[in-house]
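Descriptive analysis of the structure
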Amino acid sequence: QVQLVESGGGLVQYGGSLRLSCAASGRIFSISAMGWYRQAPGNQRELVATIDGSGRIKYADSVKGRFTISRDHAKNTVFLQMDSLKPEDTAVYYCNADLLLTEALLPITSWGQGTQVTVSS
């Protein structure tokens, strides 16, 4: 009953920028945290950045100083501004959210379908 939809991925050259967005919808009572993960071909999914309800932010060491996560609480949306992109940033980027469903306040973690980011050299 919950959907997370990512957008903003695409092709970019080394040093370029992209801005990803993710909107959550459905029978959501509240969202405690949202974040971004990525998965390159043949690799495991890894954390990129997260932001919780208090505004506490965590970044992977590999993206610190280059990526910025932000959130629009009113629209249940999280953003990822990616600057100074490198070929090693190439991956499918997935949005996730820790939330409570309206029905019985059931806690769940929801994932988006992913958006492709490709950085060329």
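Scroll up to find the structure.
As a starting point, this report considers the structure included with it. All figures in this text were calculated on a predicted structure; none of them were measured in a lab. (Residues numbered from 1 in each chain as written. Predicted model: local features only at pLDDT ≥ 70, side-chain atom pairs only at ≥ 80, totals over all residues. Heavy atoms only, no water.)

Side note on the nonpolar core
Among the nonpolar cores identified, the biggest contains 30 residues, and Trp36, Leu80, Met82 and Tyr93 are the most heavily contacted of them. Taken together, the elements giving at least two residues each to this core come down to strand S1 (2-7), strand S3 (18-26), strand S4 (28-39), strand S5 (46-52), strand S7 (67-72), strand S8 (77-82), strand S9 (91-101) and strand S11 (115-120). Among the elements that make up this core, the one with the highest residue count is S9 (six residues). (Core = buried A, V, L, I, M, F, W, Y, C linked by side-chain atoms within 4.5 Å. Buried < 20%, exposed > 50% of the residue type's maximum accessible area, 1.4 Å probe, protein only. Helix = DSSP H or I, 4+ residues; strand = E, 2+ residues; numbered from the N terminus.)

Describing the environment of Lys75
Relative to the assigned elements, Lys75 resides in the loop between S7 and S8. The exposure class of Lys75 is exposed, given its relative accessible area of 60%. Distance in space between the C-alpha atoms of Lys75 and Tyr93 is 20 Å, their sequence separation being 18 residues.

Brief notes about the packing of aromatic side chains
Each aromatic ring pair is specified by the distance between its two centres and by the angle formed by the two planes. Under the counting rule described, the total for this entry stands at one aromatic pair. On the basis of an interplanar angle of 65° and a centroid distance of 5.0 Å, the ring pair of Tyr37 and Trp111 is categorised as edge-to-face. With Tyr37 in strand S4 and Trp111 in strand S10 (residues 107-111), this residue pair connects regions lying 74 residues apart in the sequence. For the cation-ring pair, Arg45 lies above Trp111, with the distance from its terminal atom to the ring centre recorded as 4.6 Å. (Phe/Tyr/Trp six-rings, centres within 6.5 Å; stacked < 30°, edge-to-face > 60°. Lys NZ or Arg CZ within 6 Å of the ring centre and 35° of its normal.)

Some thoughts on the side chain of Gln81
Following the sequence through the fold, Gln81 ends up in strand S8. Here Asp83 takes part through its side chain, which lies 3.0 Å from a polar atom of the side chain of Gln81. (Polar contact = N/O pair within 3.5 Å; in protein donor to acceptor, adjacent residues only side chain to side chain.)

Overview of the state of the cysteines
Evaluated as defined, the whole model comprises one disulfide. For Cys22, the disulfide goes to Cys95, at an S-S distance of 2.1 Å. Taking the sign of the S-S torsion, -80° for the link of Cys22 and Cys95, the bridge is left-handed. One end of the pair, Cys22, is in strand S3; the other, Cys95, is in strand S9, and 73 residues separate them in sequence. (Disulfide = S-S within 2.5 Å.)

Considering the pattern of salt bridges
The full count for this structure, using the stated rule, is six salt bridges. Arg56 serves as the salt-bridge partner of Asp52, at 2.5 Å between the closest nitrogen and oxygen. Note on Asp52: relative accessible area 18%, which makes it buried. A relative accessible area of 57% places Arg56 in the exposed class. Of the charged contacts, one joins Asp89 and Arg66 as a salt bridge, the two residues approaching to 2.8 Å between their closest N and O atoms. One end of the pair, Asp89, is in the loop between S8 and S9; the other, Arg66, is in the loop between strand S6 (57-59) and S7, and 23 residues separate them in sequence. The class for Arg66 is buried, based on a relative accessible area of 11%. (Salt bridge = Lys/Arg side-chain N within 4 Å of Asp/Glu carboxyl O.)

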